[in-house]
Amino acid sequence: MTRDGADSPGSLDASVAVFGSINVDRMRRVSREEAERLADEHDWFPERGETTPVESPPTDFDAETTRLGGKGANQAVAAAHAGAETAMFGAVGADASAFGVRETLRGEGVDASAVQTRGDVTGAAYIWVEPDGENRIAIVAGANDDLDESYVASHVDRVAAADAVLLQNEVPVDAAVALLDALDAAGGERCVVVDPAPAAGAAPLVSHPAVDAVTPNESEFAALADALADFDGAVVKTEGADGVSVELPGTSFHVPSPTVDVVDTTGAGDAFAGYFAAELGAGTGYERAVERAVAAGALACTAEGAMTSPDRDAVSELLSE
């Protein structure tokens, strides 16, 4: 479903539909010792580099910064920064205006017209960042949990018309599977990418026949080993500073990550996923798409926060060095 595409900085002849989560991110910096203490005290506390769903907000979290986030929103912004025409499909709470959710998405170049208000509270992410930039993330679903098959049915035609569709696992899996079922039934030429984060419950997504590529990190790859063993598409494993390893039917390759001054790794995976989907939507071949996405993920680590994807020109400049 991809073809080799020319690199033209600034814009990309592609449309991307992102179906996923929209959160308000709360971040604080912690020492490695404090993170390990929290892990000892709380069974739910995430491992390094892990995103974990929780039922309620942590009671002892003193946020240093509050920003728009959520894997869906972050990846939509990344796809827009890559130069693709990008639309976000998801839900927020009645409190969304207080955080400027739709306004922020629009300001980043994302069409937010399909973002619905469902319930009272927008989803939330609680992010602990350690001195080396590694993060641990706990998410509270909020309005993301209200996405359902009725929402999918009312938007599937727009989603199916995109060149690339990008999903994650921060919304109800039944809704995501319903969208994948509808895309499979619709036929047509598009690339479907799944970022299986968090890994818990993501098996039905990575094994779905509508999916062309999955982008697990190392912990997600291990957790989903059985489902991935039955997947016959592209397995694109992100390995942090070591780059990305890709397994395609009949071939494999590795793309190293450029060396950058790391401030915060929170935004790296989402920048990668958004750029990767945008490039595939434009018809870029897998190796070139991964190369550009890896560069975008590396640059995202040079700023604080989750919505830190660079623009297309910055990626081209890094790759030219």
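The shown structure was predicted, so the numbers you read here are calculated from the model rather than taken from an experiment.

Enquirer: Whenever I open this one, the pairing of strand β1 (residues 15-19) confuses me. Can you help?
Expert: The side chains of a regular strand alternate, residue by residue, between the two faces of the sheet. Extensive coverage of β1 is indicated by the burial of five of its five residues. Strand direction decides the pairing type here: β1 and strand β11 (residues 164-167), joined by four bridges, are parallel. Paired with A17 across the strands is V165, a residue of β11.

Enquirer: Where do I start with the sheet that holds strand β12 (residues 191-194) in this structure?
Expert: Hydrogen bonds along the backbone pair up the strands of a sheet, which may run parallel or antiparallel. Read from one edge of the open sheet, nine strands run β7-β5-β1-β11-β12-β13-β14-β15-β16, paired in mixed fashion. In this open sheet, the two edge strands, each paired with only one partner strand, are β7 (110-111) and β16 (251-255). As paired elements, β11 and β12 share four bridges and run parallel to each other. Bridge pairing in β12 places L167 opposite V194. Those strands touched by helix α5 (residues 149-160) are β1, β5 (85-89), β7 and β11, and its axis lies near 175 degrees from that of β5. Across the sheet, helix α10 (residues 268-281) touches β1, β11, β12, β13 (213-214), β14 (234-238) and β15 (244-248), and the angle it forms with β11 is around 160 degrees.

Enquirer: Could you clarify how one ought to interpret the environment of G233 in this entry?
Expert: Among the secondary structure elements, G233 is positioned in the loop between α9 (225-229) and β14. For G233, a relative accessible area of 16% corresponds to the buried category. Between the C-alpha atoms of G233 and V211, which are 22 residues apart in sequence, the distance is 7.3 Å. For G233, the residues in contact, after removing those within four places along its chain, are D212, E247 and P249.

Enquirer: Got a minute to help me understand the pattern of salt bridges in this structure?
Expert: Opposite charge on two side chains allows them to pair when their charged atoms are near. For the structure on display, the rule yields 17 salt bridges. Where E130 meets R48, a salt bridge forms, and the shortest distance between an N and an O atom there is 2.6 Å. Pair noted here: E130 is in the loop between β9 (123-129) and β10 (135-140) and R48 is in the loop between α1 (32-41) and β3 (51-53), with a separation of 82 residues, a long-range link. In this structure, K237 engages E239 in a salt bridge whose closest nitrogen and oxygen atoms are separated by 3.6 Å. You can call E239 buried: its relative accessible area is 13%.

Enquirer: Any chance you could explain the packing of aromatic side chains here in plain terms?
Expert: Aromatic ring pairs are defined here through the distance separating the ring centres and the angle between the ring planes. Scanning all chains against the criterion turns up eight aromatic pairs. Ring centres 6.2 Å apart and planes at 35 degrees place the aromatic pair F19 and Y151 in the tilted group. Of this pair, F19 sits in strand β1 while Y151 sits in helix α5, and the two are 132 residues apart along the sequence. Put simply, the rings of W44, F45, F61, Y126 and W128 touch in pairs and so form one group of aromatic residues. The ring of F221 carries K237 above its face, with NZ or CZ at 4.5 Å from the centroid.

Enquirer: How should I be thinking about unusual backbone geometry in this particular structure?
Expert: For residues besides glycine, phi is generally negative; the peptide bonds are generally trans as well. The peptide bond linking A197 to P198 adopts the cis configuration, its omega dihedral lying at -5 degrees. On the secondary structure map, P198 appears in the loop between β12 and α7 (203-206).

Enquirer: Can you walk me through a negative patch on the surface in this structure?
Expert: Taken together, the side chains of E149, D174, D181 and D184 present a region of like negative charge at the surface. For the negative patch, the element with the most residues is helix α6 (residues 173-186), which contributes three residues. Along the chain, the position of E149 falls in helix α5. On the accessibility criterion, E149 (53% relative accessible area) is exposed.

Enquirer: Please explain the pairing of β11 as it appears in this structure.
Expert: Burial along β11 is two-sided: the residues A164 and L166 and V165 and L167 are all buried. Taken together, β11, α6 and β12 constitute a β-α-β crossover, and its handedness is right-handed.

How each quantity is defined
Residues numbered from 1 in each chain as written. Predicted model: local features only at pLDDT ≥ 70, side-chain atom pairs only at ≥ 80, totals over all residues. Heavy atoms only, no water. Buried < 20%, exposed > 50% of the residue type's maximum accessible area, 1.4 Å probe, protein only. Helix = DSSP H or I, 4+ residues; strand = E, 2+ residues; numbered from the N terminus. Pairing = 2+ DSSP bridges. Contact = heavy atoms within 4.5 Å. Axes fitted to C-alpha atoms, helices over the stretch in contact; angles between N-to-C directions. Salt bridge = Lys/Arg side-chain N within 4 Å of Asp/Glu carboxyl O. Phe/Tyr/Trp six-rings, centres within 6.5 Å; stacked < 30°, edge-to-face > 60°. Lys NZ or Arg CZ within 6 Å of the ring centre and 35° of its normal. Patch = residues over 30% accessible without salt bridge, like charges linked within 9 Å, V, L, I, M, F, W, Y side chains within 5 Å. Areas by Shrake-Rupley, 256 points an atom, 1.4 Å probe, with all protein chains shown as cover. Lys, Arg positive; Asp, Glu negative; His and termini not counted. Charge placed at Lys NZ, Arg CZ, Asp CG, Glu CD. Right-handed = clockwise from strand over helix to strand, strands pointing away.

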